[in-house]
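# Report on the structure
Each chain, letter by letter, is given below.
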Protein chains: 2
Amino acid sequence: MIKIAVMGHGVVGSGVVEVLLKNGSKIAQKAGQPVEIKKILDIRKFPDSPLAERFTDNFEDIVNDSEIEIVVETIGGLKPAYDFVKRCLLAGKSVVTSNKELVAEKGDELLKIAREKNLNFLFEASVGGGIPILRPLDQCLAANQVYEIAGILNGTTNFVLTKMIRDGVPFEDALELAQKNGYAERDPSADIQGHDVCRKICILASLAFGKHVYPRQVHTEGIQNITLDDVKYASAIGGVIKLIGRASKREDGRLDCIVAPMIIPETSQLADVNDVFNGILVRGDAIGDVVFYGQGAGKLPTASAVVADIIDEAKHISRPKILNWEPGEEGYVADYLQNPVSVMLRFKCSDASAVQSLVEGQLGKCERVVVKNAPQDELALVTPTVEEYKIHQAVGLLAGAKLVSFIRIAEL
Amino acid sequence: MIKIAVMGHGVVGSGVVEVLLKNGSKIAQKAGQPVEIKKILDIRKFPDSPLAERFTDNFEDIVNDSEIEIVVETIGGLKPAYDFVKRCLLAGKSVVTSNKELVAEKGDELLKIAREKNLNFLFEASVGGGIPILRPLDQCLAANQVYEIAGILNGTTNFVLTKMIRDGVPFEDALELAQKNGYAERDPSADIQGHDVCRKICILASLAFGKHVYPRQVHTEGIQNITLDDVKYASAIGGVIKLIGRASKREDGRLDCIVAPMIIPETSQLADVNDVFNGILVRGDAIGDVVFYGQGAGKLPTASAVVADIIDEAKHISRPKILNWEPGEEGYVADYLQNPVSVMLRFKCSDASAVQSLVEGQLGKCERVVVKNAPQDELALVTPTVEEYKIHQAVGLLAGAKLVSFIRIAEL
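Since this is a predicted model, take the numbers as computed values, not measurements.

Next up on the list: the overall build of chain A. Within chain A one finds 14 helices and 17 strands. Taken against the 2.2 N^0.38 rule, which gives 22 Å for 412 residues, the C-alpha radius of gyration of chain A at 23 Å falls within 12% of a compact globule. Taking the principal axes of the C-alpha coordinates as reference, chain A spans close to 75 × 45 × 35 Å. Taken across its 412 residues, chain A has 53% of its residues classed as buried. Taking the contacts inside chain A whose residues are at least 6 apart along the sequence as the reference set, 74% of them involve residues at least 24 apart.

Residues and elements named next belong to chain A. Segmentation of chain A into domains returns domain 1 (2-129 + 299-315), domain 2 (134-295) and domain 3 (338-409). Centre-to-centre separation of domain 2 and domain 3, based on C-alpha positions: 24 Å. Across the contact, 12 residues belong to domain 2 and 11 residues belong to domain 3. Going through the elements one at a time, helix H11 (228-236), strand S9 (239-249) and strand S10 (255-265) are the ones with two or more residues in the side of domain 2 that touches domain 3.

Residues and elements named next belong to chain B. Across the sheet, 6 strands lie side by side as S3-S2-S1-S4-S5-S6; this open sheet has parallel pairing. Sheet topology places strand S3 (55-56) and strand S6 (121-122) at the edges, where each strand pairs with a single neighbour. Relative to strand S2 (residues 35-41), strand S1 (residues 2-7) runs parallel, the two being bridged by 6 bridges. Residue pairing across strands places Ala-5 opposite Lys-39, the latter belonging to S2.

Attention now goes to the sheet that holds strand S2 (residues 35-41) of chain A. Residues and elements named next belong to chain A. Reading across the sheet, the 6 strands line up as S3-S2-S1-S4-S5-S6 and stay open at both edges, with parallel pairing between neighbours. Bordering the open sheet on either side are strand S3 (55-56) and strand S6 (121-122), each of which pairs with just one other strand. For S2 and S3, the ladder comprises 2 bridges, and the chain directions are parallel. Paired with Leu-41 across the two strands is Thr-56, which belongs to S3. Here helix H1 (residues 11-22) sits on the sheet in contact with strand S1 (2-7), S2 and strand S4 (68-73), set at roughly 155° to S2.

Moving on: the environment of A:Val16. Residue and element names in this part refer to chain A. Mapped onto the elements, Val-16 comes out in helix H1. Judged by C-beta crowding, with 31 C-beta atoms within 10 Å, Val-16 ranks as buried. Sequence separation between Val-16 and Leu-381 is 365 residues, and the spatial gap between their C-alpha atoms is 49 Å. The contacts of Val-16, once residues within four sequence positions are left out, are Val-6, Val-72, Thr-74, Ala-303, Val-306 and Val-307.

Conventions we followed
- Residues numbered from 1 in each chain as written.
- Chains lettered and ligands numbered in written order.
- Predicted model: local features only at pLDDT ≥ 70, side-chain atom pairs only at ≥ 80, totals over all residues.
- Helix = DSSP H or I, 4+ residues; strand = E, 2+ residues; numbered from the N terminus.
- Rg over C-alpha atoms; globule rule 2.2 N^0.38 Å.
- Buried ≥ 20, exposed ≤ 12 C-beta atoms within 10 Å, placed from the backbone.
- Contact = placed C-beta atoms within 7 Å.
- Domains from an automatic or database assignment.
- Pairing = 2+ DSSP bridges.
- Axes fitted to C-alpha atoms, helices over the stretch in contact; angles between N-to-C directions.

Now the structure itself:
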C-alpha cells in the first residue's frame, strides 16, 4: 500500500481522484501495490465526494505526514504550487505534476532537488495531455540524436484555426465558439497569445537537448492577428496556418526556439492535426520523423497521464526513474532574428510592382502569391530564406506600403 | 560495464552494432554503464568490421559465456531464433529481439521464462520499427481501458497502396517500384499477403488485452487483389484503402482481430499515413484516440529501438521491467464471420438493378456507388452493417452476377 496526496481538486485533480477510484484494482496490479489517496488539498469543500472526509485546506497536513510518499500537484500556476512542490520534495516525497508553468519555469531546480533526495519528479501530463510524449521522447533519445521538435501543442488555438480554415469562420467568432464549447477559458489570453505553447516547447526542448530553456528566452507570438485572408493566402501556396512551438539544435550548440503561427505544407503530418487535438513531431538521426497525436487536454486524458506517472513512481519509489536536464543559461537560445526564415508578407499598397521591386532589392527574388478576388491594393510575397532581421529591415525601409501580415513558413 | 552479444549481423543486427559504436558514450550515460559487444553471431565473416575478431559462428560461445548478460536476437524467423532465445533466457541472460515472428508465435512462453528467471525480455523493435509503441502502449494501459488498436503496420504494402492511390500506378507496377527502391523483398509474399501485419497486430493485441493472440487465430487477407478500380470506388465514398491490422475487445471478453485491406475515411488520421510510414491508433476510455506515426522499418530506425531496449535492460538488470501477458486459448479470438461489418461489394452483372434488389432483399438497404466512366455492367454497393457471414451468404445466392471485389469499411 502506498499513500498519496492530491493537491488541487479542480478539473485535473478531480479527474485523477476519479481514475484512481474507478480503476483501483488494475492500478494496484500495475503499481505492484494498492494506491491510497490519504489527503486532498483544496480550499473548497466537496461534501459529495466519496473521499469527503480526506479533504484539507492546510498544506502542512500533507507535507508533515510521513506516511504520504507521493504528492500529486494539479493546482496550476507558480503560487503556491512552486513552494508546495519544493517543500514536498525537500520533505522526501516524490511528486507528480501536470503543471506546465511550474516545470517550464522551475523544472531544473526541482529536478535537482529530486535527484539529490533520490526521489521521482515526473510531469508527463504537463505536455500533450494524455499523449504519451515525455517518456517516448526519453526513449527516442536513448539511441538517437534528436535534432528537432515541433508541435501543435495547444488545443484551444488549434480549434480556432481549424474553424477558420475548414469553415471560414472569422477569428472572433471561432474563439467565441471555442468558449461556448468549453475549449477556451473566459480569459483565453494565455492560449491565444501563445504562452501555453511556449511553456510546453520549453519542457520538450529542455528534455530533448539536456539544458533548461526558460519561457522568457523564447520569442512567442499568438494567433490573435490571423485573419481569414491569411488562411486564403496560405492555401494558395499549398499550406495551412498552425500555431507551432519549435526547437532545434544549432551547429554552434545553441538552440533555435520559437512559438508563432506558421504556414506548414498541407502534406505535413501536422497539417492534419485538427480541432482540439495536439500533434508532436520528433526528428532524430536514426529514427527519422516520429509523430505523436492525440487529445492534448481534457480532464480524463490529462488525469490518465498523471495516474501513469503515479504508477511509475510507486514502482520506482526506492530507485527513482529520473528525467533530467541541466540548468539553462543566458544566450543558450539564439536570437530568433538571426535565424534564417522564409516569410509570407502581405501589404496594402498602391503600387504593388514597385513595392515588390523594393523588397526584392533587399532580399532577392520573391514569389508573388495571387488569390481570387483580391483587392487591387493587396500584395502578398513569399521571401527567400534569409536571416529574419533582414526581412524586418526591408519592410521597415518601405514607403507607401502598409504591412498587414507577416507569417513564417516552416517545412515540417 | 555490461557485456552483450548480438546474434545475426544482417540489416538490423549490423545497425545495432553501428549505433552502439557511434553513440557509445551517450548510451553509457543513459544505461548507467558502458555497453560492450563481446560476441557477434553470424555464419558469415565480416573482416572489415571494427569488431571483426569478435564474430563467431558458434552459438555455444554465447550461451556458455557467463560474462554476457544481454543477448540481442536479430536473426529473424523461428529457426533457429526460437531455440537460441529460449536457451539464452534459461541460461540467465536477458534478451532483446526485433523478431516479430518469434514474439507473435512464442511470446507468452518466452515472457514466462523471463519472469520465472527474473530477467528482461523486450521487443520494442518488433512492431513499428523505430516508433516507440509498446512502452507507450503499456503506459496508456496503466490508467486506461484500451478497447481498440488499429494500425498501418507494414511499410511495403503502404508504399504500394500509396502509389496506387496518389499516382494511379497499377498494383504490379507499384510493387515492382517498391522492390526497385528496396522497400520490398524479392519474395514479397509475407508483406503483400498480410502475414507481417498479422504478426504485429498479434503482438499489440497480446500486450493491450493481456492474453496471447496467435497468428493462426487471426483472419488475414493481403492487398494482392486490390485494383485501381477499387481505389476509385473507395474515393467515391470519401475513403482510401489501407491494409489494416485491427483488434478490439468484445463485450463477451473475447477479441475481434483481423488483418485486411479496408476502406477508411479520408479524414482519418490513418488515411494520411503514406509511403513506407506506419501509423498506430490506440483507443482508450480516458485517453481517447492516440496515434503514433513514423518509419516502421529500416536499418537505423529499427536498430535504435533495439538499442533503447538494451539500455533499458542494462538499467534494470537486477530488477526486470517486464512486459507481460498470459498464454492464449482456443476461441479467444471470435470468428470474424460473426462480426458485424459494412462492406463495399462490386459486381460484374448484366442487370444491376435486379442484383441490387436481390442483395437488399437479404441484407437491407444498400448504398449504390457510382463513378465516372464506369462500364455498364458494373455495380458497386455499400452494405449496411451486418454479421459478415450474412454478406457472404447473400453474395453466394446471386445468379447472373460475378463478385469482383469485397472490401470492408472501417470507421477509424
